[in-house]
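Okay, here's what each chain looks like letter by letter:
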2 protein chains.
Amino acid sequence: MTDQPCSTCPLGRFCLPNDLDPAELPALDAVAHRRLRLKKGALVYRVGDPVMAIYAVRLGTLKSHVATEDGRSQIVGFHLQGEILGMDSVFGPFHLSSATALEDTQLCVLPVSALRAALPRLPSLRRQLVLALAQEAQHDRVMMTTIGLMTAEERLVAFLLGLSKRLSARGFAANEFVLRMSREEIGSYLGLKLETISRLLSRLAEAGMIAVHHRRIRLLQPDALRSIHRRSRSVPALEPTDRCTAPGSGPAPAILDTLATP
Amino acid sequence: MTDQPCSTCPLGRFCLPNDLDPAELPALDAVAHRRLRLKKGALVYRVGDPVMAIYAVRLGTLKSHVATEDGRSQIVGFHLQGEILGMDSVFGPFHLSSATALEDTQLCVLPVSALRAALPRLPSLRRQLVLALAQEAQHDRVMMTTIGLMTAEERLVAFLLGLSKRLSARGFAANEFVLRMSREEIGSYLGLKLETISRLLSRLAEAGMIAVHHRRIRLLQPDALRSIHRRSRSVPALEPTDRCTAPGSGPAPAILDTLATP
DNA sequence: CGGGAAGTTGAATATCATCAACGGTAGTGG
DNA sequence: CCACTACCGTTGATGATATTCAACTTCCCG
């Protein structure tokens, strides 16, 4: 039940086809032909499930999350349109996090079996996937220092600016957007409590830097926000992962090229 | 100036040669022939340096660290004997963290140029390096939830148990060891202050769970420590990266095999 | 519409950070 | 080899930041 092949998908450069060798597009169509439709709140997979496939977000937003034995939980990532989902387990055959749709969502399914069969002849696609894996790693590195080094306000500002950047890279407005997640989910992602998020949003609004109406956010003074962010940012500046910010740009990847291009 | 080739290195299974196709050992010897001797406190590389090589720790201990524009800093990893260093930058040709020796240290140098030339004919070595990269990613994921979800005491206990496990995997005593890092460095790694580390060590000692003499630590009640750790641990249990805990064991890596074995 | 979830705000509290003083150890150089 | 000093570590008192508990409001969803 193919809806629309990757070769003509409007997401195009925001997703796997970006930077892909055009000759490999038909093969990608074949691998990723299946679609998955999820209602808000539906689970894609949960901790411990065997890794049957990886997924590309066609429409909607999702969260990845983990839990502790005594019931605490943390969100380890949000996934927007065009992003790759399901590569949380690098070693074992089981997922190490769960994934849940934050709204009605459509995913493109790339079965592991199909990938295993097709990838040897698709060096460019394999490179894209290794890139996604590496970007997820970089995201975790950034979040680790975000939570370890920044104050609550700095974390929230970093979150808002990061979201703004990812959304604008996808063609949405940079300074006005709707949060797909609750205050509690933002807090869980940033190592804070929901009340703290609520208070901080009010405080930033009171200071005139943002406007908050429910989940609609407007960045009124992006520069003021950036200056809060800048002082707490690691040097050189790193952003949470966004695989679409710089399509095909930048100098040649060093380690990645060495490892991923046989 | 070759000291000792990897093929006869006593580290053996604790380092790159572990699980390596024996046929590739001579090639590894050729790539990793250079040694680097560092005095305590010496920098291996710093943020922004071009990635000239990756390194294997032959002897000693090091830390990886990042800094913010306003002077805060965080340690993002400690590196023991047999571990791989320098793969912090996956994309760009520049290091994203700095590396400093915590004591007099010897490193084996694997120049990127030599790797680039040799790896296409060394699939098994390439797999080892991708594995190291993935384990670093997993480490960051675990630390992100460690800092985001755990109390100060739980973080410190997790640190001590993790260190114990890594050391015992290398043939050292599991319940008695010497910290190579200061209280401040432990705190920086865990998102805490040095005074907090000091107080917590005293508290754990008072409770009879550990004995502390300067930097010598004895785990007196490992089970009590583990029960503190267990309740805050994510399920399924993840440990901070240790590439030597399970040599050649476990089921076939899923995503990793698919991506790294062409 | 009605009910439940999500969000806001206030007050009290806990945890960890900061400031400060002191003791000990190890490393240095005479 | 010993003495000096600088760094490391400990502990106490105080304070800031974020959490917890709680009451109330608003908004969606059914």
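Residues numbered from 1 in each chain as written. Chains lettered and ligands numbered in written order. Predicted model: local features only at pLDDT ≥ 70, side-chain atom pairs only at ≥ 80, totals over all residues. Heavy atoms only, no water.

Engineer: How should the packing of aromatic side chains be read in this particular structure?
Structural biologist: Here a ring pair, both rings aromatic, is described through the centre-centre distance and the interplanar angle of the planes. With the rule as written, the count across this model stands at eight aromatic pairs over all chains. A connected cluster of aromatic rings, assembled from ring pairs, spans A:Phe78, A:Phe159 and A:Tyr189. (Phe/Tyr/Trp six-rings, centres within 6.5 Å; stacked < 30°, edge-to-face > 60°.)

Engineer: Explanation requested: the sheet that holds strand β3 (residues 53-59) of chain A in the structure shown.
Structural biologist: Strand pairing in a sheet relies on backbone hydrogen bonds. The paired strands run either parallel or antiparallel. All names here are of chain A. Ordered by their spatial adjacency, four strands build an open sheet running β1-β8-β3-β6, and the pairing between neighbours is antiparallel. In this open sheet, the two edge strands, each paired with only one partner strand, are β1 (34-38) and β6 (84-85). Of the strand pairs in this sheet, β3 and strand β8 (residues 105-111) are connected by six bridges, and their pairing is antiparallel. Each residue of the ladder has a partner; that of Ile 54, found in β8, is Leu 110. (Pairing = 2+ DSSP bridges. Helix = DSSP H or I, 4+ residues; strand = E, 2+ residues; numbered from the N terminus.)

Engineer: Would you mind showing me how to read the side chain of A:Ser64 here?
Structural biologist: Among the structural elements, A:Ser64 can be located in strand β4 (residues 62-68). Sequence-distant contacts of A:Ser64, that is, excluding residues within four places in its chain, are made with A:Tyr45, A:Gln74, A:Ile75, A:Val76, A:Gly77, A:His79, A:Leu85, A:Ser97, A:Ser98 and A:Ala99. (Contact = heavy atoms within 4.5 Å.)

Engineer: Quick question: what am I supposed to make of the protein's contact with DNA strand C here?
Structural biologist: Within the structure, DNA strand C sits among 17 residues, and A:Arg183, A:Ser198, A:Ser202, B:Ala152 and B:Thr196 are positioned closest to it. In the interface set of DNA strand C, defined as its atoms within 4 Å of the protein, sugar plus phosphate atoms amount to 64%. A distance of 3.4 Å separates a phosphate oxygen of DNA strand C from a polar atom in the backbone of B:Lys193. One of the side-chain N or O atoms of B:Arg199 is found 2.9 Å from a base oxygen in DNA strand C. Counting only elements with at least two residues in the surface near DNA strand C, the list comes to α6 (194-206) of chain A together with α6 (194-206) of chain B. Broken down by element, the residue count for the surface near DNA strand C peaks at five residues, all from α6(A). Grouping the constituent residues of the surface near DNA strand C by class yields three nonpolar, seven polar and seven charged. (Near = heavy atom within 4 Å. Polar contact = N/O pair within 3.5 Å; in protein donor to acceptor, adjacent residues only side chain to side chain. Nonpolar A, V, L, I, M, F, W, Y, C, P; charged D, E, K, R; others polar.)

Engineer: Help me out: how do you make sense of the pattern of salt bridges in this one?
Structural biologist: It is possible for side chains bearing opposite charge to pair when their charged atoms get close. All names here are of chain A. Overall, the coordinates contain 26 salt bridges over all chains when judged by the stated rule. Between Arg 231 and Glu 154 there is a salt bridge whose closest N-O contact spans 3.4 Å. Here Arg 231, found in helix α7 (residues 222-232), pairs with Glu 154, found in helix α4 (residues 152-169); they are 77 residues apart in sequence, far enough to count as distant. For Glu 154, a relative accessible area of 4% gives the class buried. (Salt bridge = Lys/Arg side-chain N within 4 Å of Asp/Glu carboxyl O. Buried < 20%, exposed > 50% of the residue type's maximum accessible area, 1.4 Å probe, protein only.)

Engineer: Sorry if this is basic, but what is going on with the domain arrangement of chain A here?
Structural biologist: A common measure of how large an interface is: the accessible area buried when the components associate. Residue and element names in this part refer to chain A. By domain assignment, chain A separates into domain 1 (6-122 + 250-258) and domain 2 (151-229). Computed from C-alpha coordinates alone, the two centres of domain 1 and domain 2 are separated by 25 Å. Taken together, the contact pairs 16 residues of domain 1 with 13 residues of domain 2. Summing the contributions of domain 1 and of domain 2, the shared interface buries around 1,300 Å²; its carbon and sulfur component is 56%. (Domains from an automatic or database assignment. Buried area = accessible area lost by both parts, 1.4 Å probe.)

Engineer: Sorry, what's going on with the interface of chain A and chain B here?
Structural biologist: Listed as interface residues are 67 residues of chain A and, on the opposing side, 67 residues of chain B. Buried surface at the junction of chain A and chain B, both sides included, amounts to about 5,900 Å², of which 67% is carbon and sulfur. Among the residues chain A hides against chain B, the three largest losses belong to A:Phe91, A:Met144 and A:Leu259. Together they make up 14% of the total. At the boundary of chain A and chain B, one finds eight salt bridges. With a shortest N-O distance of 3.0 Å, B:Arg233 and A:Glu69 are connected by a salt bridge. Our count for the contact surface shared by chain A and chain B stands at 10 residue pairs in polar contact (both at pLDDT 80 or more). Considering each element in turn, the side of chain A that touches chain B owes the most residues, 18 residues, to helix α3 (residues 123-149) of chain A. Tallied by class, the residues present in the side of chain A that touches chain B amount to 38 nonpolar, 15 polar and 14 charged.

Engineer: Looking at this structure, how should I read the pairing of strand β10 (residues 210-213) of chain B?
Structural biologist: Look at any regular strand and the pattern is simple: side chains alternate between the two faces of the sheet. All names here are of chain B. Where β10 lies against strand β11 (residues 216-219), four bridges are found, and the strand directions are antiparallel. The partner of Ala 211 across the bridge, within β11, is Arg 218. The antiparallel pairing of β10 with β11 creates a hairpin that spans two residues between the two strands, and His 214 there sits at a positive phi of about 60 degrees.

Engineer: Would you mind going over unusual backbone geometry with me for this structure?
Structural biologist: Trans is the common state for peptide bonds, and a negative phi is the common state for residues other than glycine. The phi dihedral of A:Asp19 falls on the positive side, at around 70 degrees, and the residue is not glycine. The partly exposed category is assigned to A:Asp19, whose relative accessible area is 49%. The backbone phi angle of B:His214 is positive, close to 60 degrees, even though this residue is not glycine. You can see B:His214 is positioned in the loop between β10 and β11. Residue class for B:His214 comes out exposed when judged on its relative accessible area of 67%.

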